[in-house]
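Descriptive analysis of the structure
One-letter residues, chain by chain:
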Amino acid sequence: QYRVSLTFDQSTEPFWPWLGDHVLRVTIDAVAVGLLVVLIMELVQRTRAWWLYSIVAIFGLSAWYGLAGVFLFSPLFNRETPLADARLTARFSALERAAGVRTPILVTDASRRTQLANASLVGFGPPMHVAISDNLIRAGTPGEVEWAVARQIVHVARHDALRTTFVWTFLFVLSVAAGVLVADTIRFRRDDDPLARLALVGALAGVAGLVAFPLYNLYSRHIEAKADASALVL
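So, here is what we can say about the structure in this document. Just so it is clear, the structure is predicted and the values come from calculations on it, not from any experiment.

Brief notes about the sheet that holds strand 1 (residues 80-82)
The sheet built from 4 strands is open, its strands ordered 1-2-4-3 with mixed pairing. A single partner strand is all that each edge strand has here, and the edge strands are strand 1 and strand 3 (119-122). Neighbour-to-neighbour, the strand axes of this sheet turn through a mean angle of 40°, independent of strand direction. Sheet topology note: the strand 3/strand 4 (residues 129-133) ladder contains 4 bridges and is antiparallel. Bridged to Leu121 within strand 4 is Val130. Sheet strands touched by helix 7 (residues 142-158): strand 2 (105-108), strand 3 and strand 4. Its angle to strand 3, the strand with the most contacts, is close to 25°.

Right, here's the structure in full:
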(Lines give C-alpha, C1' and ligand atoms only; values in the text may rest on other atoms or scores of the structure.)
Protein backbone atom coordinates (compact mmCIF):
# COMPACT_ATOMS: atom_id res chain seq x y z
CA GLN A 1 0.00 0.00 0.00
CA TYR A 2 2.87 2.38 0.74
CA ARG A 3 4.51 1.65 -2.63
CA VAL A 4 1.20 2.23 -4.42
CA SER A 5 0.68 5.56 -2.64
CA LEU A 6 4.16 6.71 -3.72
CA THR A 7 3.85 5.45 -7.29
CA PHE A 8 0.55 7.24 -7.87
CA ASP A 9 1.64 10.44 -6.06
CA GLN A 10 -0.89 9.93 -3.28
CA SER A 11 1.76 10.37 -0.60
CA THR A 12 5.18 11.96 -0.11
CA GLU A 13 5.49 10.84 3.52
CA PRO A 14 8.60 8.90 4.65
CA PHE A 15 7.99 5.24 5.43
CA TRP A 16 8.24 5.23 9.23
CA PRO A 17 5.85 8.17 9.84
CA TRP A 18 3.49 6.60 7.28
CA LEU A 19 3.67 3.25 9.08
CA GLY A 20 2.89 4.89 12.42
CA ASP A 21 -0.21 6.60 10.99
CA HIS A 22 -1.26 3.38 9.26
CA VAL A 23 -0.96 1.26 12.40
CA LEU A 24 -3.01 3.84 14.31
CA ARG A 25 -5.76 3.79 11.66
CA VAL A 26 -5.84 -0.02 11.57
CA THR A 27 -6.06 -0.15 15.37
CA ILE A 28 -9.02 2.26 15.44
CA ASP A 29 -10.74 0.34 12.61
CA ALA A 30 -10.12 -3.03 14.31
CA VAL A 31 -11.66 -1.87 17.59
CA ALA A 32 -14.65 -0.32 15.78
CA VAL A 33 -15.28 -3.42 13.63
CA GLY A 34 -14.87 -5.72 16.64
CA LEU A 35 -17.48 -3.80 18.63
CA LEU A 36 -19.76 -3.77 15.59
CA VAL A 37 -19.51 -7.55 15.14
CA VAL A 38 -20.25 -8.13 18.83
CA LEU A 39 -23.29 -5.86 18.59
CA ILE A 40 -24.70 -7.54 15.47
CA MET A 41 -24.10 -11.09 16.77
CA GLU A 42 -25.82 -10.23 20.06
CA LEU A 43 -28.82 -8.86 18.18
CA VAL A 44 -28.95 -11.91 15.89
CA GLN A 45 -29.22 -14.19 18.94
CA ARG A 46 -31.85 -12.08 20.68
CA THR A 47 -34.37 -11.03 18.01
CA ARG A 48 -35.53 -11.84 14.49
CA ALA A 49 -35.73 -8.09 13.80
CA TRP A 50 -31.98 -7.77 14.42
CA TRP A 51 -31.43 -6.07 11.06
CA LEU A 52 -33.79 -3.22 11.98
CA TYR A 53 -32.09 -2.63 15.34
CA SER A 54 -28.72 -2.94 13.61
CA ILE A 55 -29.58 -0.12 11.22
CA VAL A 56 -30.53 2.12 14.14
CA ALA A 57 -27.46 1.12 16.19
CA ILE A 58 -24.95 1.43 13.36
CA PHE A 59 -26.43 4.74 12.26
CA GLY A 60 -26.14 5.90 15.87
CA LEU A 61 -22.48 4.82 15.96
CA SER A 62 -21.84 6.57 12.65
CA ALA A 63 -23.47 9.72 13.99
CA TRP A 64 -21.37 9.50 17.15
CA TYR A 65 -18.21 9.10 15.06
CA GLY A 66 -19.17 12.12 12.95
CA LEU A 67 -19.70 14.19 16.09
CA ALA A 68 -16.94 12.91 18.37
CA GLY A 69 -14.42 11.96 15.69
CA VAL A 70 -13.72 15.64 15.07
CA PHE A 71 -12.35 15.90 18.62
CA LEU A 72 -11.05 12.33 19.21
CA PHE A 73 -9.60 11.08 15.91
CA SER A 74 -8.99 13.98 13.54
CA PRO A 75 -6.36 15.62 15.82
CA LEU A 76 -4.41 12.34 15.81
CA PHE A 77 -3.62 12.76 12.11
CA ASN A 78 -3.97 16.45 11.22
CA ARG A 79 -3.25 19.85 12.70
CA GLU A 80 -5.84 22.46 11.78
CA THR A 81 -5.40 26.23 12.02
CA PRO A 82 -7.63 29.23 11.22
CA LEU A 83 -7.38 30.71 7.74
CA ALA A 84 -4.94 33.64 7.76
CA ASP A 85 -5.79 35.13 4.34
CA ALA A 86 -8.27 37.98 4.96
CA ARG A 87 -9.28 38.21 1.28
CA LEU A 88 -10.13 34.52 1.09
CA THR A 89 -11.97 34.74 4.41
CA ALA A 90 -14.15 37.54 3.02
CA ARG A 91 -14.87 35.55 -0.15
CA PHE A 92 -15.78 32.44 1.83
CA SER A 93 -18.11 34.48 4.03
CA ALA A 94 -19.85 35.76 0.90
CA LEU A 95 -20.28 32.19 -0.35
CA GLU A 96 -21.74 31.14 3.01
CA ARG A 97 -24.22 34.03 2.98
CA ALA A 98 -25.28 33.10 -0.56
CA ALA A 99 -25.84 29.48 0.52
CA GLY A 100 -27.57 30.47 3.79
CA VAL A 101 -25.19 28.51 6.04
CA ARG A 102 -22.36 29.19 8.45
CA THR A 103 -19.54 26.73 9.06
CA PRO A 104 -15.92 27.01 10.29
CA ILE A 105 -13.28 26.87 7.54
CA LEU A 106 -9.85 25.68 8.69
CA VAL A 107 -6.51 24.90 7.03
CA THR A 108 -4.97 21.47 7.57
CA ASP A 109 -1.27 20.57 7.32
CA ALA A 110 -1.70 17.98 4.55
CA SER A 111 1.64 18.89 2.94
CA ARG A 112 3.58 16.78 5.43
CA ARG A 113 1.98 13.68 3.89
CA THR A 114 1.02 14.48 0.30
CA GLN A 115 1.17 17.02 -2.51
CA LEU A 116 -2.53 16.56 -3.32
CA ALA A 117 -4.63 19.71 -3.00
CA ASN A 118 -8.22 19.40 -1.81
CA ALA A 119 -10.99 20.64 0.45
CA SER A 120 -13.28 18.33 2.41
CA LEU A 121 -15.91 18.18 5.13
CA VAL A 122 -14.90 16.85 8.54
CA GLY A 123 -17.64 15.33 10.71
CA PHE A 124 -21.25 16.43 10.69
CA GLY A 125 -23.62 18.22 13.03
CA PRO A 126 -22.41 21.12 15.20
CA PRO A 127 -18.67 20.16 15.06
CA MET A 128 -18.70 19.89 11.24
CA HIS A 129 -16.26 22.15 9.40
CA VAL A 130 -14.54 22.57 6.05
CA ALA A 131 -10.86 21.55 6.00
CA ILE A 132 -8.69 23.08 3.25
CA SER A 133 -5.30 21.51 2.62
CA ASP A 134 -2.36 23.90 2.82
CA ASN A 135 -1.37 22.54 -0.61
CA LEU A 136 -4.54 24.04 -2.09
CA ILE A 137 -3.91 27.41 -0.43
CA ARG A 138 -0.32 27.43 -1.65
CA ALA A 139 -0.70 26.08 -5.19
CA GLY A 140 -4.29 26.83 -6.20
CA THR A 141 -5.49 29.96 -7.93
CA PRO A 142 -8.03 32.07 -5.99
CA GLY A 143 -10.77 30.75 -8.28
CA GLU A 144 -9.76 27.13 -7.71
CA VAL A 145 -9.72 27.61 -3.94
CA GLU A 146 -13.14 29.29 -3.99
CA TRP A 147 -14.57 26.52 -6.18
CA ALA A 148 -13.30 23.77 -3.89
CA VAL A 149 -14.71 25.50 -0.80
CA ALA A 150 -18.00 26.36 -2.54
CA ARG A 151 -18.62 22.64 -3.16
CA GLN A 152 -18.18 21.88 0.54
CA ILE A 153 -20.45 24.77 1.53
CA VAL A 154 -23.11 23.31 -0.76
CA HIS A 155 -22.69 19.92 0.95
CA VAL A 156 -23.27 21.65 4.30
CA ALA A 157 -26.39 23.45 3.03
CA ARG A 158 -27.83 20.22 1.58
CA HIS A 159 -26.94 18.07 4.66
CA ASP A 160 -25.18 15.66 2.31
CA ALA A 161 -22.88 14.21 4.97
CA LEU A 162 -25.82 12.99 7.03
CA ARG A 163 -27.69 11.62 4.02
CA THR A 164 -24.73 9.72 2.57
CA THR A 165 -23.96 8.27 6.01
CA PHE A 166 -27.52 6.94 6.26
CA VAL A 167 -27.41 5.42 2.75
CA TRP A 168 -23.99 3.80 3.40
CA THR A 169 -25.18 2.42 6.75
CA PHE A 170 -28.37 0.99 5.27
CA LEU A 171 -26.51 -0.75 2.43
CA PHE A 172 -23.88 -2.08 4.85
CA VAL A 173 -26.51 -3.66 7.09
CA LEU A 174 -28.37 -4.96 4.04
CA SER A 175 -25.18 -6.73 2.89
CA VAL A 176 -24.64 -8.26 6.33
CA ALA A 177 -28.30 -9.35 6.43
CA ALA A 178 -27.91 -11.09 3.09
CA GLY A 179 -24.79 -12.84 4.36
CA VAL A 180 -26.56 -14.06 7.50
CA LEU A 181 -29.64 -15.25 5.63
CA VAL A 182 -27.61 -17.29 3.14
CA ALA A 183 -25.30 -18.65 5.87
CA ASP A 184 -28.35 -19.84 7.84
CA THR A 185 -29.32 -22.11 4.92
CA ILE A 186 -25.96 -23.94 5.02
CA ARG A 187 -25.81 -26.88 7.44
CA PHE A 188 -22.70 -27.50 9.54
CA ARG A 189 -21.86 -29.77 12.43
CA ARG A 190 -24.19 -29.75 15.44
CA ASP A 191 -21.94 -27.65 17.69
CA ASP A 192 -21.95 -24.81 15.16
CA ASP A 193 -22.82 -21.36 16.57
CA PRO A 194 -23.10 -17.80 15.19
CA LEU A 195 -19.51 -16.92 16.10
CA ALA A 196 -18.18 -19.96 14.25
CA ARG A 197 -20.03 -18.76 11.17
CA LEU A 198 -18.52 -15.27 11.32
CA ALA A 199 -15.98 -15.87 8.54
CA LEU A 200 -18.68 -17.32 6.26
CA VAL A 201 -21.04 -14.43 7.02
CA GLY A 202 -18.24 -11.97 6.28
CA ALA A 203 -17.45 -13.62 2.94
CA LEU A 204 -21.11 -13.74 1.90
CA ALA A 205 -21.65 -10.15 3.02
CA GLY A 206 -18.68 -9.17 0.86
CA VAL A 207 -20.32 -10.84 -2.14
CA ALA A 208 -23.56 -8.97 -1.40
CA GLY A 209 -21.52 -5.77 -1.15
CA LEU A 210 -20.38 -6.26 -4.75
CA VAL A 211 -24.01 -5.57 -5.66
CA ALA A 212 -24.97 -3.10 -2.92
CA PHE A 213 -22.07 -0.68 -2.92
CA PRO A 214 -22.07 0.21 -6.61
CA LEU A 215 -25.53 1.56 -5.73
CA TYR A 216 -23.88 3.72 -3.06
CA ASN A 217 -21.30 4.90 -5.59
CA LEU A 218 -24.12 5.82 -7.96
CA TYR A 219 -25.83 7.80 -5.19
CA SER A 220 -22.54 9.44 -4.22
CA ARG A 221 -21.86 10.54 -7.81
CA HIS A 222 -25.40 11.97 -7.95
CA ILE A 223 -24.72 13.98 -4.78
CA GLU A 224 -21.40 15.26 -6.14
CA ALA A 225 -22.96 16.25 -9.48
CA LYS A 226 -25.59 18.24 -7.58
CA ALA A 227 -22.83 19.92 -5.58
CA ASP A 228 -20.99 20.83 -8.80
CA ALA A 229 -24.09 22.49 -10.23
CA SER A 230 -24.94 24.36 -7.03
CA ALA A 231 -21.33 25.47 -6.53
CA LEU A 232 -21.35 26.96 -10.05
CA VAL A 233 -24.43 28.96 -9.10
CA LEU A 234 -22.68 30.26 -5.98
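So much for the structure itself; the text now carries on.
Some remarks on the packing of aromatic side chains
Under the criterion given, the structure shown has 6 aromatic pairs. Judged by centre distance (6.1 Å) and plane angle (55°), the ring pair of Trp168 and Phe213 falls under tilted. Separated by 45 residues along the polypeptide, Trp168 in helix 8 (residues 160-184) and Phe213 in helix 9 (residues 198-233) bring together distant segments of the chain. Cluster of aromatic residues (ring-pair linked, three or more members): Tyr2, Phe15, Trp16 and Trp18.

Quick notes on the pairing of strand 2
Two elements, strand 1 and strand 2, share 3 bridges in a ladder whose sense is antiparallel. Bridge pairing in strand 2 links Glu80 to Thr108. Looking at chain direction, strand 2 and strand 4 are connected through 4 bridges and run parallel. Within the sheet, the bridge partner assigned to Thr108 lies in strand 4 and is Ser133.

Comments concerning the pairing of strand 4
Within strand 4, 5 of the 5 residues are buried, which leaves the element mostly enclosed by the surrounding structure. Adjacent in sequence and paired antiparallel, strand 3 and strand 4 are bridged by 6 residues, among which Gly123 carries a positive phi angle near 75°.

Details of the nonpolar core
Grouped together as the largest cluster of nonpolar side chains are 24 residues, with contacts concentrated most on Phe92, Ile105, Ile132, Leu136 and Val149. For this core, the secondary structure elements donating two or more residues are helix 5 (86-99), strand 2, strand 4, helix 7 and helix 9. When residues in this core are grouped by element, the largest group, 7 residues, is from helix 7. Every residue in contact with Ile132, bar those within four places of it in the chain, is listed here: Phe92, Ile105, Leu106, Val107, Thr108, Asn118, Ala119, Ile137 and Val149.

Here's the deal with the environment of Gly140
Tracing the backbone shows Gly140 in the loop between helix 6 (134-139) and helix 7. Distance in space between the C-alpha atoms of Gly140 and Asn118 is 9.5 Å, their sequence separation being 22 residues. Once residues within four sequence positions are removed from consideration, Gly140 is found in contact with Asn135 and Val145.

Things to note about the pattern of salt bridges
Tallied over the entire structure, the rule returns 10 salt bridges. Note that Arg46 and Glu42 form a salt bridge whose closest N and O atoms lie 2.4 Å from each other. Of the two residues, Arg46 and Glu42 are both situated in helix 2 (residues 15-46); the distance of 4 residues between them amounts to about one turn of the helix. Judged by relative accessible area, Arg46 falls into the exposed class, the value being 66%. Of the residues examined, Glu42 reaches a relative accessible area of 35% and is grouped as partly exposed. Here Arg151 and Glu224 are joined by a salt bridge, their closest N and O atoms 2.4 Å apart. Here Arg151 is found in helix 7, whereas its partner Glu224 is found in helix 9, with 73 residues between them in sequence. Considered together, Arg151 and Glu224 belong to a single accessibility category, that of buried residues. Taken together, the shared-partner salt bridges in this structure form one network comprising Glu13, Asp21 and Arg113.

A few points about the environment of Ala227
You can see Ala227 is positioned in helix 9. Take Ala227: its relative accessible area is 0%, and that puts it in the buried class. The spacing of Ala227 and His159 is 68 residues in sequence and 11 Å in space, taken between C-alpha atoms. Apart from residues no more than four positions distant in its own chain, Ala227 is found in contact with Arg151, Val154 and His155.

The rules behind these values
Throughout this document, residue positions are counted from 1 along each chain, in the order its sequence is written. Only residues with pLDDT of at least 70 get local features here, since the model is predicted, and only at 80 or more are side-chain atom pairs given and counted; chain-wide, interface and lining totals rely on the full set of residues. Hydrogens are left out, water is left out, and the side-chain values use all remaining heavy atoms of the structure. When DSSP finds two or more bridges between two strands, those strands count as paired. Going along the chain from the N terminus, every DSSP run of H or I of four or more residues is numbered as a helix, and every run of E of two or more is numbered as a strand. To obtain an axis, a line is fitted to C-alpha atoms, over the contacting stretch when the element is a helix, and the angle between two such axes runs from 0 to 180 degrees between their N-to-C directions. Contact definition: two residues touch when any of their heavy atoms are within 4.5 Å. Between 30 and 60 degrees the pair is tilted, below 30 it is stacked and above 60 it is edge-to-face, where a pair is any two Phe, Tyr or Trp rings, Trp via its six-membered ring, whose centres lie within 6.5 Å. Only protein chains enter the accessibility calculation, which uses a 1.4 Å probe; a residue whose area is less than 20% of its type maximum is buried, one above 50% is exposed, and one in between is partly exposed. By nonpolar core is meant a set of buried Ala, Val, Leu, Ile, Met, Phe, Trp, Tyr and Cys residues that side-chain atoms within 4.5 Å join together. When a carboxyl oxygen of Asp or Glu is within 4 Å of a side-chain nitrogen of Lys or Arg, the pair counts as a salt bridge.

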